[in-house]
Amino acid sequence: MRVEIHGHRGARGLWPENTLPGMSRTMELGVHALELDVALTADRRLVLTHDLTVSAVTSADRRPLHAGDPLYPYVGKPINALTLAQLRTLDVGVRLPRHPDDPFALTQVPMPETRMPTLGAVLGLVNAYEAEDVRLHVELKSDPTRPELTADPRLFTELVVEELDRHGRLGNVAILSFDWRVITHAAELAPGTRRFALIELDTLHWNEGVDDDVPAAARDAGATTLSPEHVMVDEALMAQAAAAGLDVAVWTVNEPGLAARMLDLGAAGIVTDYPDRMRELWRERGLDLPEPVGPLRPVGV
């Protein structure tokens, strides 16, 4: 069985998360899959962001879109209350060390004046790299307990599937969500895609039909893969997942020792902020490494 390295938000520990330069460098490092987060703007554009409100950790205001914009400053405002043009004024290339326990501010290379990209821009980037062997893992950020911040799950899924199809990526993509309504809609709209049911203890109650056999419930919701937080993974969960016919991709694993334990339990994928560390573990274990994607060449070369 192939065991995969999934770059989390690109490679959050190394470069700014959910950005074009971060995705570029992660592909050049070499991963089996690029994971990214998507939300919907006020003008129905799909943008890369982990948070449903503009994060003060990963985003910094630089200027209003126009003088007197009543929504400025944009940091802290809902993503779905802002247009793409407003969000594009933010600098998302410098992680702000607002929290003393934030490890990524110490390891992440800043890339000032980086802009929040659209999903289409990332798809165009991957196609420009001709990275056919790199699968895109698109997490739809949806919180049923905060409907005022969240797009309608069916509309949201439709828009993502349409964008993936427009770029010819439906055959090499996975759709992920903690909100399993998205998984169910994706199973109907794009039955050939992989679908990852994300789980953590704090949000399992979002989804109907969840009992002691979480993998079976995820399968019934339309999932093809179970993706649990690492603290949930033990022999019992892995046995349930196998019985449900689901692979397991574990998040977010940054220490090689923990990754080794997850592999010993049978994980098929490791989601990590530090793909460089996982590549070393893969070498030690003799696992198949993802090939680095060559850097883009200048036009005409």
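In this text the structure is predicted, and so the values were computed from the model without any measurement.

### Section: the overall build of the chain
Then comes step 1: Check the secondary structure of the chain and you find 10 helices and 9 strands.
Then comes step 2: The C-alpha atoms of the chain give 19 Å as radius of gyration, which agrees with the globular expectation for 301 residues (19 Å, within 12%).
Then comes step 3: Once the C-alpha set of the chain is aligned to its principal axes, its extents read approximately 60 × 45 × 45 Å.
Then comes step 4: Out of the 301 residues belonging to the chain, those deemed buried represent 56%.
Then comes step 5: Long-range pairs, those at least 24 residues apart, make up 66% of the contacts in the chain between residues at least 6 apart in sequence.
Then comes step 6: About 13000 Å² of surface is accessible on the chain, with carbon and sulfur atoms providing 51% of the total.
Then comes step 7: For the chain, the distance from the average position of its 29 positive side-chain charges to the average position of its 45 negative side-chain charges is 6 Å.

### With respect to unusual backbone geometry
Then comes step 1: Backbone torsion omega between Tyr72 and Pro73 reads 0 degrees, so that peptide bond is classified as cis.
Then comes step 2: Here Pro73 lies in the loop between β3 (46-48) and α2 (84-87).
Then comes step 3: Even without being glycine, Glu113 reaches a positive phi, approximately 65 degrees.
Then comes step 4: Structurally, Glu113 can be placed in the loop between α3 (104-107) and α4 (119-128).
Then comes step 5: At Glu130, a position not held by glycine, the phi torsion is positive, near 55 degrees.

### Re helix α8 (residues 235-244)
Then comes step 1: Residues of α8 that are buried include every one of Leu237, Met238, Ala241 and Ala244, and no others. End-on, the buried residues of α8 take up no more than an arc of 125 degrees, which puts them together on one face. Within α8, the exposed residues directed more than 90 degrees away from the buried face are Glu235, Ala242 and Ala243.
Then comes step 2: Among the structural elements, α7 (214-221), β7 (225-228), β8 (247-250) and α9 (256-265) are those in contact with the buried residues of α8.
Then comes step 3: In this structure Asp234 caps α8, since a side-chain oxygen of it lies 3.2 Å from the backbone nitrogen of Ala236.
Then comes step 4: Backbone geometry just downstream of α8 places Gly245 in the positive-phi region, at approximately 80 degrees.

### Some remarks on the layout of surface pockets
Then comes step 1: Taken as a whole, the largest pocket holds about 480 Å³ of empty space.
Then comes step 2: Taken together, 27 residues line the largest pocket, and the ones lying closest to its centre are His50, Glu139, Lys141, Phe178 and Glu200.
Then comes step 3: Counting only elements with at least two residues in the lining of the largest pocket, the list comes to β2 (33-40), β4 (135-140) and β5 (173-177).
Then comes step 4: Counted by class, the lining of the largest pocket contains 8 nonpolar, 8 polar and 11 charged residues.

### Section: the packing of aromatic side chains
Geometry of an aromatic ring pair is reported as the spacing of the ring centres plus the angle between the planes.
Then comes step 1: In total, this model carries 3 aromatic pairs according to the counting rule given.
Then comes step 2: Here the basic side chain of Arg277 rests over the ring of Tyr274, its NZ or CZ set 3.6 Å away from the ring centre.

### Quick notes on the environment of Asp212
Then comes step 1: Along the polypeptide, Asp212 turns up in the loop between β6 (194-199) and α7.
Then comes step 2: The class of Asp212 is exposed, set by a relative accessible area of 74%.
Then comes step 3: Asp212 sits 100 residues away from Pro112 along the chain, and the two C-alpha atoms are 46 Å apart.

### Focus on empty space enclosed by the protein
Then comes step 1: Tallying each qualifying case throughout the model produces 3 cavities of 30 Å³ or more.
Then comes step 2: Approximately 90 Å³ is the volume attributed to the largest cavity.
Then comes step 3: Lining the largest cavity are Glu17, Asn18, Leu48, Thr49, His50, Asp51, Ser55, Thr58, Ser59, Val92 and Met116.
Then comes step 4: Reported here for the second largest cavity is a volume of approximately 50 Å³.
Then comes step 5: Every residue lining the second largest cavity is listed: Ala39, Leu40, Leu52, Ile79, Asn80, Lys141, Leu149, Thr150, Ala151 and Phe156.

### Topic: the packing of α9 against helix α10 (residues 275-285)
Then comes step 1: Relative to each other, α9 and α10 sit at 55 degrees, their axes nearing to 10 Å. Overall, the two elements α9 and α10 adopt an arrangement that is oblique. Crossing of α9 over α10 shows right-handed handedness. Of α10, the residues touching α9 (which contributes Pro256, Ala259, Ala260, Leu263 and Asp264) are Arg277, Met278, Leu281, Trp282 and Arg285.
Then comes step 2: Grouping the constituent residues of the contact of α9 with α10 by class yields 7 nonpolar, no polar and 3 charged.

### Quick word on the packing of α7 against α8
Then comes step 1: Relative orientation of the contacting elements α7 and α8 amounts to 35 degrees, with a least axis distance of 8 Å. Pair α7 / α8 crosses with right-handed handedness. Along its contact with α7, which presents Val214, Pro215, Ala216 and Arg219, the element α8 presents Leu237, Gln240, Ala241, Ala243 and Ala244.
Then comes step 2: Of the residues belonging to the contact of α7 with α8, the class tally is 7 nonpolar, 1 polar and 1 charged.

How each quantity is defined
Residues numbered from 1 in each chain as written. Predicted model: local features only at pLDDT ≥ 70, side-chain atom pairs only at ≥ 80, totals over all residues. Heavy atoms only, no water. Helix = DSSP H or I, 4+ residues; strand = E, 2+ residues; numbered from the N terminus. Rg over C-alpha atoms; globule rule 2.2 N^0.38 Å. Buried < 20%, exposed > 50% of the residue type's maximum accessible area, 1.4 Å probe, protein only. Contact = heavy atoms within 4.5 Å. Areas by Shrake-Rupley, 256 points an atom, 1.4 Å probe, with all protein chains shown as cover. Lys, Arg positive; Asp, Glu negative; His and termini not counted. Charge placed at Lys NZ, Arg CZ, Asp CG, Glu CD. Arc of directions from axis to C-beta. Polar contact = N/O pair within 3.5 Å; in protein donor to acceptor, adjacent residues only side chain to side chain. 1 Å grid on protein atoms, 1.4 Å probe; cavity = no way out; pocket = protein on both sides within 12 Å on 5 of 7 lines; lining within 4 Å. Points joined across faces, edges and corners; volume = space filled by probe spheres on them. Nonpolar A, V, L, I, M, F, W, Y, C, P; charged D, E, K, R; others polar. Phe/Tyr/Trp six-rings, centres within 6.5 Å; stacked < 30°, edge-to-face > 60°. Lys NZ or Arg CZ within 6 Å of the ring centre and 35° of its normal. Axes fitted to C-alpha atoms, helices over the stretch in contact; angles between N-to-C directions. Parallel < 35°, antiparallel > 145°, perpendicular 65-115°, else oblique. Left-handed = near helix turned anticlockwise from the far one by under 90°.

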